[in-house]
Amino acid sequence: MNAIVELYHWSLNTAITIGWPISYIELVILFFNVLCVYLVGKNKVLNYPVGLVGIVTYMFFCYTLNFYSEYFLQMFFFVFSIIGWYMWSKKDTSGEVLQVHYMNWYGFGGLCVFWVLASYLLGSISMNCSRCT
């Protein structure tokens, strides 16, 4: 476990500087997210697992830096990437286009309430964490 922690701390070191420092982990995140966008442009289903690697890495990065709102945004992307991957794998070969579905106002309101409460709870936990100070 210490090796993983040491590797993570090393990954936060500056890899390059182009007006601002960019860490090794940010380069990994950038690589996977740019590759995902490229694969989407090529209409390849492989964009989903590649994108999920970038999302999960960025979620871990945000959580360790206490960027909870960004962390929850990545959770949203993670869930909807899984849904998109499932929908893509279930599309038929007859050429039928998948119908776009929109979230209703109740679902949107519930999502907003969840976001606010979860951000508040995680922020409260981190403020009271004895290891964090």
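Everything here concerns the structure above.
Residues numbered from 1 in each chain as written. Predicted model: local features only at pLDDT ≥ 70, side-chain atom pairs only at ≥ 80, totals over all residues. Heavy atoms only, no water.

(A) Structural context of the overall build of the protein chain. Summing up its helical and strand segments, the protein chain has five helices and two strands in all. Buried residues in the protein chain amount to 23% of all 133 residues. Carbon together with sulfur atoms contributes 70% to the accessible area of the protein chain, which is approximately 10,100 Å² in total. (Helix = DSSP H or I, 4+ residues; strand = E, 2+ residues; numbered from the N terminus. Buried < 20%, exposed > 50% of the residue type's maximum accessible area, 1.4 Å probe, protein only. Areas by Shrake-Rupley, 256 points an atom, 1.4 Å probe, with all protein chains shown as cover.)

(B) The packing of aromatic side chains, seen in detail. Summed over the entire model, instances satisfying the criterion amount to 13 aromatic pairs. When the ring of Phe 31 is compared with that of Phe 32, the centres are 5.3 Å apart and the planes differ by 80 degrees; the resulting orientation is edge-to-face. Its relative accessible area of 22% is what places Phe 32 among the partly exposed residues. Aromatic side chains Tyr 63 and Tyr 71 sit 5.2 Å apart centroid to centroid with 50 degrees between the ring planes, which places their arrangement in the tilted category. With a relative accessible area of 18%, Tyr 71 lands in the buried category. Three or more aromatic residues joined by ring pairs make a cluster, and in this case those are Tyr 63, Tyr 68, Tyr 71, Phe 72, Phe 76, Phe 77, Phe 80, Phe 114 and Trp 115. (Phe/Tyr/Trp six-rings, centres within 6.5 Å; stacked < 30°, edge-to-face > 60°.)

(C) The arrangement of the nonpolar core in detail. By size, the foremost hydrophobic cluster in this structure holds nine residues: Leu 52, Ile 55, Met 59, Cys 62, Tyr 68, Tyr 71, Phe 72, Ala 118 and Leu 122. If one sorts the elements of this core by residue count, helix α3 (residues 47-64) sits on top with four residues. Each residue touching Leu 122, except ones within four places of it in the same chain, is listed here: Tyr 63, Tyr 68, Tyr 71 and Phe 72. (Core = buried A, V, L, I, M, F, W, Y, C linked by side-chain atoms within 4.5 Å. Contact = heavy atoms within 4.5 Å.)

(D) Spotlight on the packing of helix α2 (residues 24-41) against α3. Following both chains from N to C, one finds α2 and α3 inclined at 155 degrees, their axes separated by 8 Å at the closest point. Relative to α3, α2 is oriented roughly antiparallel. For the pair α2 and α3, the crossing hand works out as left-handed. Contact residues: Ile 25, Glu 26, Ile 29, Phe 32, Asn 33, Leu 35, Cys 36, Leu 39 and Val 40 in α2; Asn 47, Val 50, Gly 51, Val 53, Gly 54, Ile 55, Thr 57, Tyr 58 and Phe 61 in α3. Considering only residue class, the contact of α2 with α3 consists of 12 nonpolar, five polar and one charged. (Axes fitted to C-alpha atoms, helices over the stretch in contact; angles between N-to-C directions. Parallel < 35°, antiparallel > 145°, perpendicular 65-115°, else oblique. Left-handed = near helix turned anticlockwise from the far one by under 90°. Nonpolar A, V, L, I, M, F, W, Y, C, P; charged D, E, K, R; others polar.)

(E) Region of the structure containing the environment of Thr 57. Within the secondary structure, Thr 57 sits in helix α3. Separated by 17 residues in the primary sequence, Thr 57 and Gln 74 place their C-alpha atoms 9.7 Å from one another. Ignoring sequence-local partners within four residues, the contact set of Thr 57 consists of Ile 25 and Ile 29.

(F) Here's a closer look at the packing of α3 against helix α4 (residues 68-90). Between α3 and α4, the shortest axis-to-axis distance is 9 Å and the interhelical angle comes to 165 degrees. Accordingly, the angle class assigned to the pair α3 and α4 is roughly antiparallel. Classified by chirality, the crossing of α4 by α3 is left-handed. Facing α3, whose interface residues are Asn 47, Tyr 48, Pro 49, Leu 52, Ile 55, Val 56, Tyr 58, Met 59, Cys 62 and Tyr 63, α4 presents Tyr 68, Glu 70, Tyr 71, Gln 74, Met 75, Phe 77, Phe 78, Ser 81, Ile 82, Gly 84, Trp 85 and Trp 88. Tallied by class, residues from the contact of α3 with α4 come to 17 nonpolar, four polar and one charged.

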